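# Per-entry structural report
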Amino acid sequence: MIAGDVSAAGERTPSSLRVSDFGIYAPSARSFAVAQLSMLRTLPLVLCVLVLKQIVRFDSLFPAEREDLSQMLLMLGTQRLTSAISDFKRIVLSAELRHRDWIAKPSEFVEQMTVELWSSGQIDGFRHAAAQLAPPVELPPHGVSRLVVVDFDSRLEKPNFVLFRRLLQHGTLFTNLTPSPDDDPFTASLKILEDRAKWQPGSYSHWLICGDSPPRRPSSAVSAVDYNSVEPMRHSLLGLMGAAVTSGTSGPEALGSAMMHLGPEALGITPSDPLAADPLLAQFFVDLLAEGSGTQIYSTTFVQWAAREVLRRARPTTALIRFTARVRQRPMNQQWLKTNTEPGFDFAGSLVDADMAAYYTWINLMRLTGADYAHFVAFHSGRRQAFASGPGLPRGTSSDQAISPSTVLSLSS
Amino acid sequence: MSPMRTLPSFGTCDLSSNRREFLRQVAGMGLLTATKGMAPVGAQAFPMLPVSRRKAIVVTFGGGARDQETFALEGQDNIPHLISELLPQATFYSQVVNRGILGHYVATASLITGAYERFNNFADVAPEHPTIFEYVRRQLRRPPEDAWVIAPSNGFNRIGQSTHPSFQKGSGYGAGVILPKRMLEALPAPHATGLDHLLQDNYETAFEAPHAQFDAARLNAIEAVLKLSIVDFAAHACTLESPDELSVYLARRLMREVSPSLIWITLHDMDVAHAGAFSLYIDAIQRTDRLCAEIWKAVEAEPEYNGKTNLFIMPDFGRDADTDAGGNGFQHHRTGSAMARTTWMVAMGPGIYQGKVVDRPIQSVDLAPTIATMFSCDAQFTAGKPIQEFTT
């Protein structure tokens, strides 16, 4: 244990929380915490820390996350979550852990708590309690159905590999897609994305996520992230990781904690950098790289994780997600020591990765409110295949009729 | 939208029913439901085999593998050797539950001790409960070279011997631990060239406990046991594709030169899943499948092992389910869900039924006391129970 983590006043309980405790929080986080102080004081320690973990990074939360947080705190004041609160109360933490400074450093506390929950056999009870905090299912905002489109780079190929195998039972497979220079999946999907951003504007409601630089940049109404644009951040992060690992002085937990709290500046993003124009997005990009494992190495992993996090956190109305080839596998040490030449691309492996990632993206879409109304489309123009699911589309069926990408999209909007 | 046709569904996997049905149909395996009064294949031979000649080899997958990428219907293409070569000779346990901590070192330590260890997975500590090696070596008065662990992952340095006070006499009764990757790192510079790919740490192990001290003296000691020169070791390593291949190579060398009674091999290539690339995870499962068959061929080829060896193959646990909201599917094993806790075991060799499926749940900690029973030893500190099909 680090001595500095122990509050000078000894063990603190939620009921002892004071306005002055939040003095070290950022202004908006502090205001939010102070406004919720009476509620926070009533919570069991474990639940209180989980809430503070969200509050302390209030500035980095997407609007949807802020809404979730407010709604959860509102619900905690009703009888609806009585059972969850009782379950959290039953969790027993060690005195050593309870003495840590959970008010100032809730993330570190949760990290240590997780270790303790596993070692004390309480992880299942914690999972059960936490699952009850999920927000209630409601209709999608403004009556708009979500649309997620996954586009595979046409060069991703592996002989005899069956594409969309896991998705088939959930929608319709089109085996005679007819892309053309005027109607290719990416262009057609980008047009839909931009149109929806124009008709249904909203902060962080429409996203483009790419495994390399997108063939065309979207309008400013679309939030965008691509693997190439974060390359300097990736290299900075790999450098930090390599230095920590090769130094032999930083254990895995210390390193994990350090990575969890990186800001854009730690990865070389200066205020004048275009990536810093939107601080929330800049921090989101850092989180994708620092908290997602493998996102620094493989573009397929980066895109899958980014899609997951965008869907989970920003709850977008529209997302266009494009998978491209990742590099071939090479040892972790070579990632940070740069002891090898560029390893080249693995087009076959990337197809397998992207196929699974498309399935996971569909699952993540189905987790959101309004899933029954949501549309999902996936294209592989190289194979002339598409998959679509959503209201009005039969499940477990295929069509070999010639169909253009635009027409597939029109079935899903 | 026409013409339309209905496609065969490709369902998500439930934990065992699809797999069991498929095994019965394809591999011709029967469900073993009543063990009372039933003698296993070789049961007559097994009791007559003196304990002094018995061998046991355990292969664990330290990557964690899910049903749906292995024995479930949609995964069986990934494991042709296990399905067609080993299963017909084996009893398949379709539900092996791990109720402990789902980290590879602590979980493997729990398998080896037969008790759920509770230490921090990333800590540089030894198991608290006695290991199967200590039970067997002390009770049968076996020499140090009679039990070995081969583990590519650095964090396993102290897995061979516990800190249990009952087993602290002298230098203890633990197993020797070979960490092939640390051996490679200890090679003098000219011999280490071109072996980077065998030092492959996956995303998680790169952050494990501090590197074990593997100096030239320890390298020389192991080389003496294996009767393997630095030059030959390096030359052979150059021909291999992955760390797990190096582990199996060293296991075969151990079998030939030392013939230990107990060998525990942890294969870790498939833990590349933590990097999030599904194709690499599948490639590693396919490689592991091949290596398992090679290990059994080595058993059959070595006179000291042929007909005397029980082989146990099992993942240390599963991985998160695709639908676990707290996880990211195959990538990790963090949720503690049923999919992450439930796996399988293939058991074969003398005294074990051939071509049978056992569908009742057993616990992963049952393996160590089962092996102890095979060696007529009392594993008194284990939490598991000997598996009855092996001991009737």
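Helix and strand content of chain A: 16 helices and 10 strands. Within chain A, buried positions represent 56% of all 413 residues. Carbon and sulfur atoms form 54% of the exposed surface of chain A, whose accessible area is close to 16,900 Å².

On a plain count of helices and strands, chain B comes out with 14 helices and 11 strands. A total of 392 residues make up chain B; the buried ones form 64% of that total. At a minimum sequence separation of 6, the contacts of chain B that also span at least 24 residues come to 77%. With an accessible surface of roughly 13,400 Å², chain B has 52% of that area assigned to carbon and sulfur atoms.

Below, the discussion takes up the side chain of Asp151 of chain A. Residue and element names in this part refer to chain A. When you line up the elements, Asp151 lands in strand S1 (residues 147-152). Judged by relative accessible area, which is 2%, Asp151 ranks as buried. At 3.0 Å, the side chain of Asp151 forms a polar contact with the side chain of Arg322. Residues contacting Asp151, with those up to four places away along its chain left out, are Pro185, Phe186, Leu320, Ile321, Arg322, Phe323 and Phe379.

It is common to give the size of an interface as the accessible area lost on bringing the parts into contact. All names here are of chain A. The domain architecture assigned to chain A consists of domain 1 (14-131) and domain 2 (143-410). In this structure, domain 1 and domain 2 have C-alpha centres spaced 31 Å apart. Facing the 15 residues of domain 1 at the interface are 16 residues of domain 2. Regarding the contact of domain 1 and domain 2, the summed buried area is about 1,200 Å², with carbon and sulfur atoms giving 54% of it. One salt bridge connects Asp68 with Arg315, and the closest N-O pair in it is separated by 2.6 Å. Our count for the domain 1 to domain 2 interface comes out at 3 residue pairs in polar contact (both at pLDDT 80 or more).

Residue and element names in this part refer to chain B. Burial runs high along strand S4 (residues 90-97): 8 of the 8 residues are buried. The pairing of S4 with strand S9 (residues 342-348) spans 6 bridges and is classified as antiparallel. Across the sheet, residue Thr91 finds its bridge partner in S9, namely Ala347. The pairing of S4 with strand S10 (residues 356-358) spans 3 bridges and is classified as parallel. Within S10, the residue paired with Phe92 across the bridge is Val357.

Right, let's talk about the packing of helix H12 (residues 279-291) of chain A against helix H13 (residues 299-314) of chain A for a bit. Residues and elements named next belong to chain A. In the contact formed by H12 and H13, the axes pass within 10 Å of each other and the chain directions differ by 130 degrees. Relative to H13, the element H12 lies oblique. Viewed along their axes, H12 and H13 form a crossing whose handedness is right-handed. Where H12 abuts H13, its residues Phe284, Asp287, Leu288 and Leu289 lie against Phe302, Trp305, Ala306, Glu309, Val310 and Arg313. Among the residues making up the contact of H12 with H13, the classes are represented as 7 nonpolar, no polar and 3 charged.

Before going further, it helps to spend a moment on the side chain of Gln296 of chain A. Relative to the helices and strands, Gln296 of chain A is located in the loop between H12 and H13. In this structure the side chain of Gln296 of chain A is engaged in a polar contact, spanning 2.6 Å, whose partner is the backbone oxygen of Leu289 of chain A.

What follows deals with the packing of aromatic side chains. Per the stated rule, a full pass over the model turns up 29 aromatic pairs over all chains. Centroid distance Phe152 of chain A to Phe323 of chain A: 6.3 Å. Interplanar angle 50 degrees. Geometry classified as tilted. Of the two residues, Phe152 of chain A is situated in strand S1 and Phe323 of chain A in strand S5 (residues 318-323); the sequence distance between them amounts to 171 residues. The pair formed by Phe152 of chain A and Phe323 of chain A is uniform in burial state, with each residue classed as buried. Ring geometry for Tyr281 of chain B versus Phe330 of chain B: centroids 5.6 Å apart, planes at 15 degrees, classification stacked. Here Tyr281 of chain B is found in helix H11 (residues 278-301), whereas its partner Phe330 of chain B is found in the loop between strand S8 (309-315) and helix H12 (338-341), with 49 residues between them in sequence.

Looking now at the nonpolar core. Trp207 and Phe376 of chain A together with Ile57, Val59, Leu250 and Ile313 of chain B are the most contacted members of the largest nonpolar core, which totals 123 residues. Formed by 94 residues, the second largest nonpolar core is a distinct cluster that contains Leu52, Phe126 and Ala129 of chain A together with Val358 of chain B.

To continue, consider unusual backbone geometry. All names here are of chain A. Even without glycine at this site, Asn160 takes up a positive phi of about 70 degrees. For Asn160, the position within the fold is in the loop between S1 and strand S2 (172-174). For Asn160, a relative accessible area of 79% puts it in the exposed group. Notably, Arg384 is not glycine yet its phi reads approximately 55 degrees, a positive angle. Among the residues examined, Arg384 registers a relative accessible area of 41% and is labelled partly exposed.

Right, let's get into helix H1 (residues 27-35) of chain A. Residue and element names in this part refer to chain A. Among all positions in H1, only Ala29, Phe32 and Ala33 are buried. Projection of H1 onto a plane perpendicular to its axis shows the buried side chains occupying an angular sector of 100 degrees, all on one side. Residues Pro27 and Ala35 are exposed on H1 and point more than 90 degrees away from its buried face. Of the surrounding secondary structure, the elements contacted by the buried residues of H1 are helix H2 (37-40), helix H3 (45-55) and helix H4 (63-76).

All names here are of chain A. Here H13 spans 21 Å end to end across 16 residues, near enough to the 22 Å set by a 1.5 Å rise per residue. Most of H13 sits inside the fold, with 15 of its 16 residues counted as buried. Of the residues trailing H13, Arg315 is marked for its positive phi of about 45 degrees.

Take the pattern of salt bridges next. Evaluation of the coordinates by the stated rule reveals 30 salt bridges over all chains. Asp87 of chain A serves as the salt-bridge partner of Arg90 of chain A, at 2.4 Å between the closest nitrogen and oxygen. Judged by relative accessible area, which is 59%, Arg90 of chain A ranks as exposed. The exposure class assigned to Asp87 of chain A is buried, which follows from its relative accessible area of 11%. A salt bridge links Arg253 of chain B to Glu257 of chain B; its shortest N-O distance comes to 4.0 Å. Here Arg253 of chain B and its partner Glu257 of chain B are both found in helix H10 (residues 243-257), 4 residues apart, which amounts to about one turn of the helix.

A separate point is the confidence of the model for chain A. Residues shown with low pLDDT carry predicted positions that ought not to be read at fine detail. Confidence along chain A averages 90 in pLDDT terms, with 90% of residues attaining 70 or more. Segment residues 1-8 of chain A is flagged for pLDDT under 50; beyond a separation of four residues in sequence, or across chains, it makes 10 contacts in the model.

Moving on, we get to the confidence of the model for chain B. Residues and elements named next belong to chain B. With 80% of its residues at a pLDDT of 70 or more, chain B has an overall mean of 85. Taken as a whole, residues 8-15 scores under 50 in pLDDT and shows 20 contacts with residues more than four places along the chain or in a different chain. Within the model, the stretch residues 205-211 combines pLDDT values under 50 with 23 contacts to residues more than four positions away or in other chains. Among the scores for the predicted complex, ipTM is 0.91 and pTM is 0.90.

Thresholds applied
- Residues numbered from 1 in each chain as written.
- Chains lettered and ligands numbered in written order.
- Predicted model: local features only at pLDDT ≥ 70, side-chain atom pairs only at ≥ 80, totals over all residues.
- Heavy atoms only, no water.
- Helix = DSSP H or I, 4+ residues; strand = E, 2+ residues; numbered from the N terminus.
- Buried < 20%, exposed > 50% of the residue type's maximum accessible area, 1.4 Å probe, protein only.
- Areas by Shrake-Rupley, 256 points an atom, 1.4 Å probe, with all protein chains shown as cover.
- Contact = heavy atoms within 4.5 Å.
- Polar contact = N/O pair within 3.5 Å; in protein donor to acceptor, adjacent residues only side chain to side chain.
- Domains from an automatic or database assignment.
- Buried area = accessible area lost by both parts, 1.4 Å probe.
- Salt bridge = Lys/Arg side-chain N within 4 Å of Asp/Glu carboxyl O.
- Pairing = 2+ DSSP bridges.
- Axes fitted to C-alpha atoms, helices over the stretch in contact; angles between N-to-C directions.
- Parallel < 35°, antiparallel > 145°, perpendicular 65-115°, else oblique.
- Left-handed = near helix turned anticlockwise from the far one by under 90°.
- Nonpolar A, V, L, I, M, F, W, Y, C, P; charged D, E, K, R; others polar.
- Phe/Tyr/Trp six-rings, centres within 6.5 Å; stacked < 30°, edge-to-face > 60°.
- Core = buried A, V, L, I, M, F, W, Y, C linked by side-chain atoms within 4.5 Å.
- Arc of directions from axis to C-beta.
- Expected span 1.5 Å × (residues − 1).
- pLDDT = per-residue confidence, 0-100.

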